[in-house]
Amino acid sequence: MQGKSLQSTLGVDPVHIWSNHSLPVTDLHCTTGGMMARVASASQDHTCKVWDMCSGELLCNFVFDVPLNSVCMDPAEYRLFAGAMNGTVYQVNLFESNSSRERHIKVRETGEDEDATTAVFAGHSKPVTCLSVSLDGSMLVSGSQDQTVRIWHIQSKQCVRTINHKGAVTNAMIIPTPPNLQSSQTKPTLPIQVFKRHLHVPNQWNGLHSSTQSSRNGSDRHTETVAVKLKGTKSEAPKVSTSGTNLSEAELESLLATINQERSSSSSEADIENLSAKELHQRLQQVQQLNKDIFTYATKQILNTR
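Residues numbered from 1 in each chain as written. Predicted model: local features only at pLDDT ≥ 70, side-chain atom pairs only at ≥ 80, totals over all residues. Heavy atoms only, no water.

1. Points about the packing of aromatic side chains
Stated formally: Between rings of Phe, Tyr and Trp, where Trp is taken as its six-membered ring, a pair exists when centres lie within 6.5 Å; planes separated by under 30 degrees are stacked, by over 60 edge-to-face, and by other angles tilted. Per the convention used, a helix needs a DSSP run of H or I reaching at least four residues, while a strand needs a run of E reaching at least two, with both numbered from the N terminus. Accessibility here uses a 1.4 Å probe with only protein chains present; expressed as a share of the type maximum, an area under 20% marks a residue as buried, one over 50% as exposed, and anything in between as partly exposed.
Applying the stated criterion across every chain yields a total of five aromatic pairs. Look at Phe 121 and Trp 152: their rings are 5.5 Å apart centre to centre, the planes differ by 70°, and that puts the pair in the edge-to-face class. With Phe 121 in strand β9 (residues 119-121) and Trp 152 in strand β12 (residues 148-153), the pair connects residues that are 31 residues apart, well separated along the chain. Neither Phe 121 nor Trp 152 differs from the other in exposure class; each is buried. Grouping aromatic residues by their ring pairs yields a cluster made of Phe 81, Phe 121 and Trp 152.

Set out below in structure tokens:
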């Protein structure tokens, strides 16, 4: 029924429809290899089935004595791990002497041959929700509803670490370590910019000019400028209207020469002390007007080039 619904909604014909389970499927695991891969399905009907991706044929059916909740295989497809509702993780060897398509899983007792039976990882007290095997096939990670993640050594079946959580673990996976975490000198391929609360700050240029004026003249007086928000195209760019005049390149050069002349004439602290308050105020207004004209010219040039 689900396959028909998918076909009618998306107009896509499924390659295979597997409906051999009698109860809900709880987990799926697909190995690497493209169309030659294997697919393992776990179900509440106490079975775990292994399918061939290319032909869709059922390769093997494993029957357990408890409902299953998760399943995975190692990268070499040598072992299958099934997490049960009772908190036990079962290990089944896929390459053994038994060639029967259906196998009833028996827990291995002490002294029995490992190839003839299966081993268990016991430690969880509630259903196992997820399983993952390391790339070298030596470590197994299991998550459970008992709020723990356990790391197992597959060969010895021993739990080497337990990670506690504040709630039920729904998923856990082993992934390769990113190169940026291994070397402090490695730079990220996508640098993250500094987060900003707003995209447009109206007083951004005002704050810049006020800090510049305060550092040069020792005054906290703000210059009057108009903030510009640039659009995506040149035609949408807003025009700048200020009290200053529009300057050409020649006029800008003359302004810079005037500023240098003012600096050279008032560079001595003794000369500044001899000036009256009125003359200082006039010079301050001249410098502020020059800064305003330069800012207007620079803004105009930026808008014209975009």
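After that view of the structure, there is still more to cover.
2. Focus on the nonpolar core
Heads up, the condition is: In this text, buried Ala, Val, Leu, Ile, Met, Phe, Trp, Tyr and Cys residues form a nonpolar core when linked through side-chain atoms within 4.5 Å. Contacts were defined at the residue level, with two residues in contact if any of their heavy atoms lie within 4.5 Å.
In terms of nonpolar packing, the biggest core is built from 17 residues, with Cys 48, Phe 62, Phe 64, Leu 68, Val 71, Leu 80 and Val 92 touching the most fellow members. Of all the elements in the fold, those that place two or more residues in this core are β2 (38-43), β3 (47-52), β4 (58-63), β5 (68-73), β6 (79-84) and β7 (89-93). With residues near it in sequence (within four places) discarded, Val 71 still touches Asp 27, Leu 28, His 29, Ala 40, Ser 41, Ala 42, Cys 48, Leu 80, Phe 81, Ala 82 and Leu 131. Listed in part, the ten residues of the second largest apolar core include Cys 72, Phe 81, Val 89 and Val 133.

Don't take any of this as a statement about function, it's just geometry.
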